[in-house]
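Observations on the model geometry
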Amino acid sequence: MHETTALLIELGAIILGLGILGRLAGRVGFSAIPLYLLAGLAFGHGGLIPLNASEEFIATGAEIGVILLLLLLGLEYSASELVTNLKTQYPSGIVDFVLNAVPGAAAALILGWGPVAAVALAGVTWISSSGVIAKVLGDLGRLGNRETPVILGVLVIEDLAMAVYLPLLTALLAGLSLAGGSLTLLISLGTVGAVLYLALRHGRLISRAVSSDNPEMLLLVVLGLTVLVAGVAQELQVSAAVGAFLVGIALSGEVAEGAHNLLAPLRDLFAAVFFVFFGLSTDPAAIPPVLVPALILAAVTTLTKIGTGWYAAKRAGVRTAGRWRTGGTLVARGEFSIVIAGLAVGVEPRVGPLATAYVLILVILGPLAARWTEPLARRIFRRSASAPASGSAAGSGTASEPAVPAVGDSASSEVSETPATPVAEPKGTAPSHG
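Residues numbered from 1 in each chain as written. Predicted model: local features only at pLDDT ≥ 70, side-chain atom pairs only at ≥ 80, totals over all residues. Heavy atoms only, no water.

1. Considerations on the overall build of the protein
- Along its length, the protein carries 16 helices and zero strands.
- Carbon and sulfur atoms make up 68% of the accessible area of the protein, which amounts to about 19200 Å² in all. (Helix = DSSP H or I, 4+ residues; strand = E, 2+ residues; numbered from the N terminus. Areas by Shrake-Rupley, 256 points an atom, 1.4 Å probe, with all protein chains shown as cover.)

This is the structure:
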């Protein structure tokens, strides 16, 4: 069969299959992400039917998927809102690092893999998946929720921290001198600082230059600018995802709204390709030997991420139900963890399979945790509150209604609540953002 013909057949089958899985997930009210991952696992290396002709195309599509996910997440917020979130959420970033990086480092040292592998595995367990979480927030209709800016603040701090962490890890893995590692770090920080400055000081000029009444021109300019900035950012040792996110926050007003509407279908397509590619790149045979330590590490860091979200949301004045939703949403790990593991494989080959199994567990568990952490917490606390209340009522002979704790607060009450600290609202609710 001709190579182009095989490519078209494979791509057609993949996209059709994703559509069917997405419709199935929608009918049962479930995120399609785990189904996309399992489909990739079934047809990847060591799977049922390897997809060889389309592998390179899917890899490129996966990169575009992450870029579009972060671009559209950035379009929801302005540069000033980003700075406000960073100022108010940096203590949460510190707590996030301590609670989630330490278990990974400790696991590597317990397994006898050495300090460099410990630094690498700490990154794998620390960083949540911005791509997965952005998709989950959209699937669950939570982009306008009271806790969403808090989630965004934690993710942005993590993504920006990668501008420091990745160059340092690369220097450690390569055995570079202190001077070489410092130069790489300075370049990364300078790039992030320059883009943030442009977004803050000249965001309106950028929006005006990009603006167009022609939807086709707007789509081409915004998409081209985003991919270009993402590529330059990656070349300068900054994450392409961070570059795409910064482009999103630089655009505001009608430009941001128009670009969001035009790019949303493309995001959904390429985001699905990203999750399939993640599964395709995983060999199922490598998972069983490391499944037990991966499950233990996943269980520990699920709890620590929920604790991180609870703390961050509490600091922002979000009520109890929103705190549980924040923690559950942050559980997923994904693209950054795989990048970090790929860098570390040359020094400690066992990091790769463990990280793959760990991320696969949490990238499937993440959407479930985002949806069910708050209802489960509500049920558990309601039962614990009603047990002593019912016992007291029985003893006194008086029927009394047990008080329901605040964990059962609805999402609507979260939205209307007055925040204790400044928390950004989505761009769509504030057209005056510059």
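2. Notes on the packing of aromatic side chains
- Tallying each qualifying case throughout the model produces three aromatic pairs.
- Plain terms: the ring middles of F97 and W126 are 4.9 Å apart, the flat faces sit at 75° to each other, and that makes the pair edge-to-face. Here W126 lies in helix α5 (residues 115–126) and F97 lies in helix α4 (residues 79–110), a separation of 29 residues in the sequence.
- Aromatic pair W310 and W324: ring centres 5.0 Å apart, planes at 65°, arrangement edge-to-face. Of the two residues, W310 sits in helix α12 (residues 291–315) while W324 sits in helix α13 (residues 320–329), which places them 14 residues apart along the sequence.
- Residue W310 is classed as partly exposed on the basis of its relative accessible area of 28%.
- Taking the relative accessible area as the measure of exposure, W324 reaches 17% and is therefore buried.
- One aromatic cluster is present, built from ring pairs that chain together F97, W126 and Y165.
- Above the face of the W310 ring, R323 is positioned so that its terminal group lies 5.2 Å from the ring centre. (Phe/Tyr/Trp six-rings, centres within 6.5 Å; stacked < 30°, edge-to-face > 60°. Buried < 20%, exposed > 50% of the residue type's maximum accessible area, 1.4 Å probe, protein only. Lys NZ or Arg CZ within 6 Å of the ring centre and 35° of its normal.)

3. Some thoughts on the side chain of T302
- Structurally, T302 is set in helix α12.
- By relative accessible area, which is 11% here, T302 ends up buried.
- For T302, the residues in contact, after removing those within four places along its chain, are V331, L362 and L365. (Contact = heavy atoms within 4.5 Å.)

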